[in-house]
Structures are given as structure tokens and as C-alpha cells.
Amino acid sequence: MNQPQQPQVGNSPNHNAGAPAVSHNNSGAALEKVAVHRRISPQRKRGLLIAAVAVVIAGLVWGGYEWLVLSRYESTDNAYVQGNIVQITPQVSGTVTALYADETDRVQAGQTLIAFDPADTHVAQAQAEAALGQTVRQVRTLYADNAALAAQVRLREADVDKAQTQLATAEQDLARRQKLADSGGVSGEELAHARDQLTAARSSLVAAQAAVSAAREQLASNQALTDGTSVEDHPNVKAAAAKLKQAWLDAHRTTLPAPVSGYVSKRTVQLGQRVAPGAPLMSVVPLDQVWVDANFKENQLRNIRIGQSVKLTADVYGSKVVYDGKVIGLGIATGAASALLPAQNATGNWIKVVQRVPVRIRLNPEQLKAHPLRVGLSMEAEVEVRDRSGPELVGAPPVEPIAATEVYAEADRGADALVRKIIDQNLGRAGK
């Protein structure tokens, strides 16, 4: 029974006899595979080596590009065009009777935009003109009264001299009669009459002196209103002239000029509307004075300085139009801190958020003329930060005004001419 199991034992002669042929065949195939493997392995190693070298070279190239190029620039797409939006607001109340500009219209500085009904202001100006003329004549009367009051003082002083003379005469008469009365040469009645004359002379002197004092006080009071000034410079005349100037300005403020040259935006006023002083009626935007506020992350600010050059592109034109700019200022607060409702981070579930700080960039005026921008447009800004010698904050305050207009400078000159004309007319020298 054990014989059938003999072929299954590995050490049996029968098994060993047939095994070498099979084993020899298998070992030959294995040796052939090893030989093929040995022939392919150097190629694989070479490929892997080339790939590794390529990765290292790419890393070095990227590192060099990062060090030599990217490290010299800070960029952001969180940038927007900003500009002055000049509101047109009335200085006097009135009813709108005419509109001379509408949305998107181009206007020049000094051009009339809105007109009010001038009837009320013309009436007020006429009243102010009459009040100034009346005041000038009243002040002229004050100066004329000085001469009359001085003459009155001289007259009262003459009365005093006369009363003093009469008193001296009465005293002499009484003394002479008293000597004669001792010898019986003058009656008692005549002596009493002399005493009465002396008393009357003294009373007259006292009254004349009081009249002189009253006249002098009246003259001093009138001179206090006129001394050290002329009719033109009298306070009453100046007060009346100021009221006339105000009425003149109100009359000329019934037309609203454009303070600057630009384009009309946000027109809200309508014909026939009654408006109050300070109400916004429309806006004028000078598109040749726009700038860009680029909001950089706080970790980008370490390299940004004032005076660095900037390359900008606008979404409205694409990458074909590149603007040249310059950093003119860095914001002093983040956008979150400047918000109407600042963030409150003192909470248990606080999550850190990278803040952004606005950086103001001035644009090239010639480029703005060729490719105008509009307030609020999106921009992409790239700042060249290689030169970091500039300051981070502006050191000196501005000397010149950052914005100015001359359209209101002519109003006072016309008012001054009108005041001078009315004063001359009421002084009687209008023809000179």
C-alpha cells in the first residue's frame, strides 16, 4: 500500500529522475529573465536620474525666478479707481427754474448747471440798497451835527462870560451901595434891590455854566460816534454795506456753477423743485484727477514704500493697456478698522483673518487722457519693491491746497462796486 505513495515523495528515485529536466527548463527561463532585467535596469536608472535632475533644475529655476523676479514685486487684484465726487449744493433756498446739464454731460468749471427763481433775492437786494443809502445819510447828519453842537458850545460859553460880567457888576454895585448906606446916602429899598440883582446874576451864571456843560456833553456824545472814522468807514455804514453784500451774494447764488471741469453724475434735482441750502442736487466727477486705491495684504506692506513705481491694468481695457503709476501714500488703518461697524475680535470663536491696507497710487495724466477710467472700476496693481529707500508714511504736511476752485472769486467784486456806488450817491459825490 506504500508503493503508490512513493512518487509523491521528493527524495524518491522516480521523482528525482524526472525532476532535473523540468528544473533545468525553469532555471533557464529564470536566467534569461535576469539577463533581460540586467539589460533594462541601466536605462531605467538613467531615466530616473534624468527625471530627478530635471526636478532639481526646475526647482532651482523656480527658486531663482522667485528670488530674482517675484521677490521684487507685490501684486493684488483688490484695487479700485477712486476720484473726487464734487457735490453741487445750493447756498440759498429757491425754486428750480432751469437745468443746464444732465447725467454724463461734460461741463467746464464756471459753467451754469442749475438756476433758481431770483424774485425773492432781488427784492431783498433792493431793500438792502435802500437801507445802506439811508444809513449813509444818517451818518452824514452825525458829522454835520458836530459843527452845530460846537457852535452851541461856543454860544453857551459866551453866555457864561456875559453872566460873569453881570455878576461882577452886581457885586460892585452892591458894595458901593453898602458904603453909601452907612452914611445914609442910599435908601434901604435901593440896597435890597442891589442884593436882588446880585442874586439874579449868580443864578444866571450857574444856569449858563450848566448850559455849557450840557452842550459840551452833547458835543462829546456826538463826536464819540464820528471820531476816528469817515462816513465810508463808519460802523453803521459798514453794517449796512455787509447786509447789502449778503443780499448781492444771495441774488447771484441763484445760479449754481460747476466748481471743476468734469462729468455730471447723480442728478437728483427736478424742475420746479423747492430746495434748501445744502441739499445735494447733482455731482461733478473730474475724471482727469482719479487715482487707485490698491488693498494689499498686511504681510505685503513690509516691502512697499512711497515713491515706488506701479504697473496697473484695468478690467475694462484688459492687459493690452498698462498704466504707469507711483505709490503716494499708505493707509493708516485697515479696511476693517475704518468700517462703519468695526470687527469685535474679543470673542471665544475668533478666527484670524488677514487684513488689508489701502495703498494710494497716482496715475499718469497723459495715459488717463488716452484711456479714461471711471470711479469704481476694478484694477490689478503690481508694485516694484526693489527700491525700498522711500518712507512708509508721508513726513511733511501739504503746503498747497490739494484741490481749489476760482469760480466763486468774482462775486464779492461786484458787490463792492455796488456798495461804493450807493455810498457815493448818498454822499453827494456821485458825479465826481
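These lines cover the structure that appears in this document, whether it is placed above or below.

Time to look at the overall build of the protein chain. Of regular secondary structure, the protein chain possesses six helices and 14 strands. Restricting the contact set of the protein chain to residue pairs at least 6 apart, pairs at least 24 apart contribute 80%. Working note: accessible area of the protein chain is about 27900 Å², and carbon and sulfur atoms make up 54% of it.

Turning next to the nonpolar core. Nonpolar side chains in soluble globular proteins tend to end up buried together. Within the largest apolar cluster, 28 residues are counted, with the highest numbers of intra-cluster contacts made by Leu312, Tyr323 and Met379. Looking at this core, the elements with two or more residues in it are strand E1 (73-82), strand E10 (291-297), strand E11 (309-314), strand E12 (318-330), strand E13 (356-363) and strand E14 (378-384). Ignoring anything within four residues of it in the chain, the contact list for Tyr323 reads Val310, Lys311, Leu312, Ala314, Tyr317, Leu363, Gln367, Leu368, His371, Leu373 and Met379. In this structure, Leu244, Ala415, Val419 and Ile422 belong to the second largest nonpolar core, which totals 18 residues.

This paragraph deals with the pattern of salt bridges. Per the counting criterion, the structure on display carries nine salt bridges. Put simply, Asp159 and Arg156 hold a salt bridge, and the shortest N to O gap is 3.5 Å. Taken together, the residues Asp159 and Arg156, both in helix H2 (residues 119-182) and three residues apart, mark about one turn of the helix. Under the relative-accessibility criterion, Asp159 is labelled partly exposed at 30%. Its relative accessible area of 28% is what places Arg156 among the partly exposed residues. Salt-bridge contacts for Asp293 lead to Arg360; the nearest nitrogen and oxygen are separated by 3.4 Å. Taken together, the residues span a long stretch of sequence, with Asp293 in strand E10 and Arg360 in strand E13 at a distance of 67 residues. Asp293 gets classed as buried once you look at its relative accessible area, which sits at 15%. In this structure Arg360 comes out as partly exposed when scored by relative accessible area, which is 35%.

Our focus in this paragraph is a nonpolar patch on the surface. Side chains of Leu49, Val53, Ile57 and Val61 sit close together on the surface and give an oily, nonpolar patch of about 360 Å² of accessible area. By the element assignment, Ile57 lies in helix H1 (residues 13-68).

Here the structure, examined in full by the defined rule, presents zero aromatic pairs. Residue placement shows Arg106 over the ring face of Tyr263; its charged tip is 5.3 Å from the ring centre.

Burial along E13 is one-sided: the residues Val357, Val359, Ile361 and Leu363 are buried and none of Arg356, Pro358, Arg360 and Arg362 is. Across seven bridges, the pairing between E10 and E13 is antiparallel. Bridge pairing in E13 places Trp291 opposite Arg362. Across five bridges, E12 lies against E13 in antiparallel orientation. Each bridged residue has a counterpart across the sheet, and for Leu330 the counterpart in E13 is Val359.

Cut-offs and rules
- Residues numbered from 1 in each chain as written.
- Predicted model: local features only at pLDDT ≥ 70, side-chain atom pairs only at ≥ 80, totals over all residues.
- Heavy atoms only, no water.
- Helix = DSSP H or I, 4+ residues; strand = E, 2+ residues; numbered from the N terminus.
- Contact = heavy atoms within 4.5 Å.
- Areas by Shrake-Rupley, 256 points an atom, 1.4 Å probe, with all protein chains shown as cover.
- Core = buried A, V, L, I, M, F, W, Y, C linked by side-chain atoms within 4.5 Å.
- Buried < 20%, exposed > 50% of the residue type's maximum accessible area, 1.4 Å probe, protein only.
- Salt bridge = Lys/Arg side-chain N within 4 Å of Asp/Glu carboxyl O.
- Patch = residues over 30% accessible without salt bridge, like charges linked within 9 Å, V, L, I, M, F, W, Y side chains within 5 Å.
- Phe/Tyr/Trp six-rings, centres within 6.5 Å; stacked < 30°, edge-to-face > 60°.
- Lys NZ or Arg CZ within 6 Å of the ring centre and 35° of its normal.
- Pairing = 2+ DSSP bridges.

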